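Residue-level listing of the chains:
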Amino acid sequence: MTQAWARAALSHSAFYGLSRAHLGGLIEELANPWLARRESALRERRGAERQRQTGAGPKHDLVFTDRVLVALAHLRTGLPHAALAELYGTARSTISRAIGEIRPLLAARGFAVPDRPGVRLRTLADVFAYAEAEGITLRIDGAETQVRRPKANRPGRRAFVSGKKKQNTIKTTTISDGQGRLLWSGADRPGRMHDQTAVRTEGIAEQFRLHSQVKAKVDEGYRGLANEFLEQVSAPPKKPKEDTPLGEQYAWREARRRQSSARICVEHTNAELRQRRPLQRYTGRREGYAETHRAIASLVSDRSARRATRRKPSTELVLARQSAY
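Here the structure is a predicted model, which means the values were calculated and not measured.

Asks: In this structure, what is going on with the overall build of the protein? I would like to understand it.
Replies: The number of helices and strands found in the protein is 12 helices and seven strands. Taking the principal axes of its C-alpha atoms as reference, the protein extends roughly 90 × 65 × 40 Å. The buried share of the protein, taken over its 325 residues, is 43%. Pairs at least 24 residues apart make up 67% of the contacts formed inside the protein by residues separated by at least 6 positions. Carbon and sulfur atoms provide 50% of the accessible area of the protein, an area that totals close to 18,600 Å².

Asks: What's the story with the pairing of strand β5 (residues 182-190) in this structure? I'm lost.
Replies: Working note: regular strand, side chains alternate between the two faces of the sheet. By the criterion of burial, β5 is predominantly enclosed, with eight of the nine residues buried. Bridge count between strand β4 (residues 169-176) and β5: six bridges; the pairing is antiparallel. Across the sheet, the residue bridging to isoleucine 175 is tryptophan 184, located in β5. Hairpin connection of β4 to β5: five residues between the antiparallel strands, including glycine 180 at a positive phi of 80 degrees.

Asks: What exactly am I supposed to notice about empty space enclosed by the protein here?
Replies: Rolled over the atoms, a probe as big as a water molecule pinpoints where empty space is left. A complete count under the given rule lists one cavity of 30 Å³ or more for this structure. In this structure, the largest cavity spans a volume of roughly 30 Å³. Together, Arg76, Glu272, Gln275, Arg276, Val300 and Arg303 line the largest cavity. Residue composition of the lining of the largest cavity, grouped by class: one nonpolar, one polar and four charged.

Asks: Would you mind going over the packing of helix α3 (residues 20-46) against helix α4 (residues 64-77) with me for this structure?
Replies: Two quantities define a packed helix pair, namely the angle between the helix axes and the distance between the axes. One way to put it is that α3 packs onto α4 with a least axis distance of 10 Å and a crossing angle of 115 degrees. Classified by the interaxial angle, the pair formed by α3 and α4 is roughly perpendicular. For the element pair α3 and α4, the recorded crossing hand is right-handed. The segment α3 lies against α4, with Leu23, Leu26, Ile27, Leu30, Ala31 and Trp34 engaging Phe64, Thr65, Arg67, Val68, Leu69 and Leu72. Of the residues belonging to the contact of α3 with α4, the class tally is 10 nonpolar, one polar and one charged.

Asks: How do you make sense of the layout of surface pockets when you look at a structure like this?
Replies: In this model, the second largest pocket occupies a volume close to 630 Å³. Lining the second largest pocket are 21 residues, and of these Gly178, Gln179, Arg181, Thr309 and Arg310 sit closest to its centre. Listing elements by their share of the lining of the second largest pocket, those giving two or more residues are α7 (124-134), β3 (137-146) and α11 (246-273). Per element, the largest residue contribution to the lining of the second largest pocket is four residues, and it comes from α11. Of the residues that constitute the lining of the second largest pocket, the class distribution is six nonpolar, six polar and nine charged.

Asks: Help me out: how do you make sense of the packing of aromatic side chains in this one?
Replies: Counted under the stated rule, the structure contains four aromatic pairs. Ring geometry for tryptophan 34 and phenylalanine 64: centres 5.0 Å apart, planes at 40 degrees, overall tilted. In this pair, tryptophan 34 sits in helix α3 while phenylalanine 64 sits in helix α4, placing the two residues 30 residues apart along the sequence. Given a relative accessible area of 14%, phenylalanine 64 falls into the buried group. Between phenylalanine 208 and phenylalanine 229 the ring centres are 5.3 Å apart and the planes differ by 35 degrees, which places this aromatic pair in the tilted class. Taken together, the residues phenylalanine 208 in helix α9 (residues 204-210) and phenylalanine 229 in the loop between α10 (223-228) and β7 (233-234) connect sequence positions 21 residues apart. Accessibility classification places phenylalanine 208 together with phenylalanine 229 in one group, the buried group. The ring of phenylalanine 160 carries the charged tip of arginine 286 above its face, separated from the ring centre by 5.1 Å.

Asks: Is there a simple way to explain the environment of glutamine 207 in this structure?
Replies: With respect to the helices, strands and loops of the structure, glutamine 207 is situated in helix α9. Between the C-alpha atoms of glutamine 207 and alanine 73, which are 134 residues apart in sequence, the distance is 36 Å. Apart from residues no more than four positions distant in its own chain, glutamine 207 is found in contact with Leu124, Ala125 and Phe128.

Asks: Is there a simple way to think about the environment of arginine 303 in this case?
Replies: With respect to the helices, strands and loops of the structure, arginine 303 is situated in helix α12 (residues 289-305). Classification of arginine 303 as partly exposed rests on a relative accessible area of 38%. Sequence-wise, arginine 303 and asparagine 32 are 271 residues apart; in three dimensions their C-alpha atoms are separated by 22 Å. Look past the residues within four positions of arginine 303 in its chain and what remains in contact with it is Gly17, Leu18, His22 and Glu272.

Conventions used here
- Residues numbered from 1 in each chain as written.
- Predicted model: local features only at pLDDT ≥ 70, side-chain atom pairs only at ≥ 80, totals over all residues.
- Heavy atoms only, no water.
- Helix = DSSP H or I, 4+ residues; strand = E, 2+ residues; numbered from the N terminus.
- Buried < 20%, exposed > 50% of the residue type's maximum accessible area, 1.4 Å probe, protein only.
- Contact = heavy atoms within 4.5 Å.
- Areas by Shrake-Rupley, 256 points an atom, 1.4 Å probe, with all protein chains shown as cover.
- Pairing = 2+ DSSP bridges.
- 1 Å grid on protein atoms, 1.4 Å probe; cavity = no way out; pocket = protein on both sides within 12 Å on 5 of 7 lines; lining within 4 Å.
- Points joined across faces, edges and corners; volume = space filled by probe spheres on them.
- Nonpolar A, V, L, I, M, F, W, Y, C, P; charged D, E, K, R; others polar.
- Axes fitted to C-alpha atoms, helices over the stretch in contact; angles between N-to-C directions.
- Parallel < 35°, antiparallel > 145°, perpendicular 65-115°, else oblique.
- Left-handed = near helix turned anticlockwise from the far one by under 90°.
- Phe/Tyr/Trp six-rings, centres within 6.5 Å; stacked < 30°, edge-to-face > 60°.
- Lys NZ or Arg CZ within 6 Å of the ring centre and 35° of its normal.

In structure tokens:
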């Protein structure tokens, strides 16, 4: 197989999950950071300035475009490095090196902002500042990805055992707007940690104090945040006791249904992330999960930010003409 054939095959959107226009813009965006990082690594390795002209010396087996395609295909489908190396007719180490170069660049991009081309959110503080400026009600939810089990007799082996999944997992926190567009995903913690504890370690309580106008909708796992910030965080109502009148039980069910309906969009955001094979079950080293997750999330945010903003029509009824009796 030739590299031209492999490039043509991996250029199909089924391998990387992006449009052709999005792929072209991504390659153009990453070219300069990749070149700068490469020159910096060469400068550090030789310990002196360049002695020959730019472009001299041995050539890469994979050009930059092929490196981006290989990394995107791996993040989309989870194809093994050996399989991608067979497609390109090169060594497995070449594919691993290419993915190791592109993945950090994708992870450092941050998250796209709807209707704001060129603006990207990278920290939790950025998300809260954006939500306060735009008057957006945030949706917060946790998600877990199964990872490899640590070896026996290792310290902290039980830290990854999730009490909910009964598996070794890594937990992440997802924040979206009311339309399910991804604004931030991070706070990677071992699966044993509670959802609320994981996001508190990222400083979300301080952000709610600094941005008193920001509101959020959460599930039962963030009850403590809802109790601490009564005016800002909305959690599902507590279940009434069994001897509660039937009318109050019906009212609780309806309130819970409305709460679930208002925050189902963040569940859809998590499902969109799960379409990528590495986030269904991560088989790599656990130390590399956070970088892989951020790289995938940055690509998902690009797609979701392109969705047109929906504006709900008013449900208020206005009489066109007053009738006289």
